[in-house]
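Each chain, letter by letter, is given below.
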Amino acid sequence: MKYKSVFDIIGPIMVGPSSSHTAGAARIGRVARRLFGRKPALAQVTFYGSFAKTYQGHGSDVATIAGILDFETSDLRLKDSLNIAQNEGMEVILKTSNVLTEHPNTARVRLSDEKETIEIVGVSIGGGKIEVLEINGFTCQLGFDSPTLLVLHEDRFGMIAAVAKVLTQHRINVGLMEVSRHDRGSRALMAVETDAVVSRQVMEEIRKIPYIFDVSLLALAD
């Protein structure tokens, strides 16, 4: 992850005290919420490393839950997020782990209800910036600062070309593309960062491509 300006290091407009432990944690929670698409019945958060040691003092717990509630980092309700979640009927389970991770500010967020479950692993890298390293078991390295198209598909020949063809037809430039798979020939996740927001029409065209299971679009920039 590269910083574009000194303001990226200072961090976003936020409820403190820490851009890494508060704003970053909120953004990790918000990515999980946006991927889930609605308020979950159950939110399970596991903190690792520095997060695990300081999450209460630095507000990483309330920040992550605020993100899951889809609050922005500047939302003054952040400090009361645990009470708000309880009042809205969302069960929250907070855990810590001694398992060593590559980055000290690591959180695993698992959201579920009676329909489905999603799980992400995110790290806060400073200045409110994050990287998501895992989505439902698929490895990745995404910051979600740019519109990011997520395409779940069967791992087979021609899938990347088929998606790229639709984007090309609509003159949508690709800034970054990653593809991750569990096993050869199984399901794969294609992540495409674009220079412009992808319209519903484009998403529907991609969704109609054979062997594609799901298409979603996510960006944290407001």
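Below is a short write-up of the structure. All values derive from a computational prediction rather than experimental measurement. (Residues numbered from 1 in each chain as written. Predicted model: local features only at pLDDT ≥ 70, side-chain atom pairs only at ≥ 80, totals over all residues. Heavy atoms only, no water.)

Located in the positive-phi region is Phe144, a residue other than glycine, with phi close to 60°. Phi is positive for Arg171, close to 55°, though the residue is something other than glycine. For Arg171, the location among the structural elements is in the loop between helix H6 (159-169) and strand S8 (174-181). (Helix = DSSP H or I, 4+ residues; strand = E, 2+ residues; numbered from the N terminus.)

The subject of this paragraph is the packing of aromatic side chains. Tallied over the full model, the rule gives two aromatic pairs. On the basis of an interplanar angle of 80° and a centroid distance of 5.8 Å, the ring pair of Phe47 and Phe51 is categorised as edge-to-face. Like Phe47, the residue Phe51 is buried in the burial classification. Measuring from ring centre to ring centre gives 5.0 Å for Phe47 and Tyr55, while their planes differ by 20°; the resulting arrangement is stacked. The two residues Phe47 and Tyr55 agree in class, both being buried. Three or more aromatic residues link up through ring pairs in this structure, and these residues are Phe47, Phe51 and Tyr55. Of note, Arg187 hangs over the ring of Phe213, and the distance from its end group to the ring centre comes to 3.9 Å. (Phe/Tyr/Trp six-rings, centres within 6.5 Å; stacked < 30°, edge-to-face > 60°. Buried < 20%, exposed > 50% of the residue type's maximum accessible area, 1.4 Å probe, protein only. Lys NZ or Arg CZ within 6 Å of the ring centre and 35° of its normal.)

Of all eight residues making up strand S9 (residues 187-194), seven are buried, and the element is well covered by its neighbours. As judged from the seven bridges shared by strand S7 (residues 148-154) and S9, these two strands associate in the antiparallel manner. Note that in S9 the partner of Leu152 across the bridge is Leu189. Where S8 lies against S9, seven bridges are found, and the strand directions are antiparallel. In the strand pairing of S9, Glu178 is matched with Ala191. Counted along the chain from S8 to the antiparallel partner S9, the turn is five residues long, and its residue Gly185 has a positive phi close to 85°. (Pairing = 2+ DSSP bridges.)

Attention shifts here to the sheet that holds S7. A sheet is described by the order of its strands in space; here four strands give the open sequence S8-S9-S7-S10, paired in antiparallel fashion. Looking at the sheet topology across the chains shown, the edges are occupied by S8 and strand S10 (212-218). For this sheet, the mean angle separating the axes of adjacent strands, direction not counted, is 15°. Against the sheet, helix H7 (residues 200-207) touches S7 and S10, its axis set at about 160° to S10. (Axes fitted to C-alpha atoms, helices over the stretch in contact; angles between N-to-C directions. Contact = heavy atoms within 4.5 Å.)

The next subject is the pattern of salt bridges. Applying the stated rule across the entire model yields 14 salt bridges. Residues Arg30 and Asp70 are paired through a salt bridge, measuring 3.0 Å at the closest nitrogen-oxygen approach. Here the residue Arg30 occupies a position in helix H2 (residues 19-36), and Asp70 occupies one in the loop between helix H4 (60-68) and helix H5 (81-87), the gap between them amounting to 40 residues. On the basis of relative accessibility, which here comes to 29%, the residue Asp70 falls in the partly exposed class. Its salt-bridge partner being Arg181, residue Asp155 comes within 2.9 Å of it at the nearest N-O pair. With Asp155 in the loop between S7 and H6 and Arg181 in strand S8, this residue pair connects regions lying 26 residues apart in the sequence. With a relative accessible area of 18%, Asp155 lands in the buried category. (Salt bridge = Lys/Arg side-chain N within 4 Å of Asp/Glu carboxyl O.)

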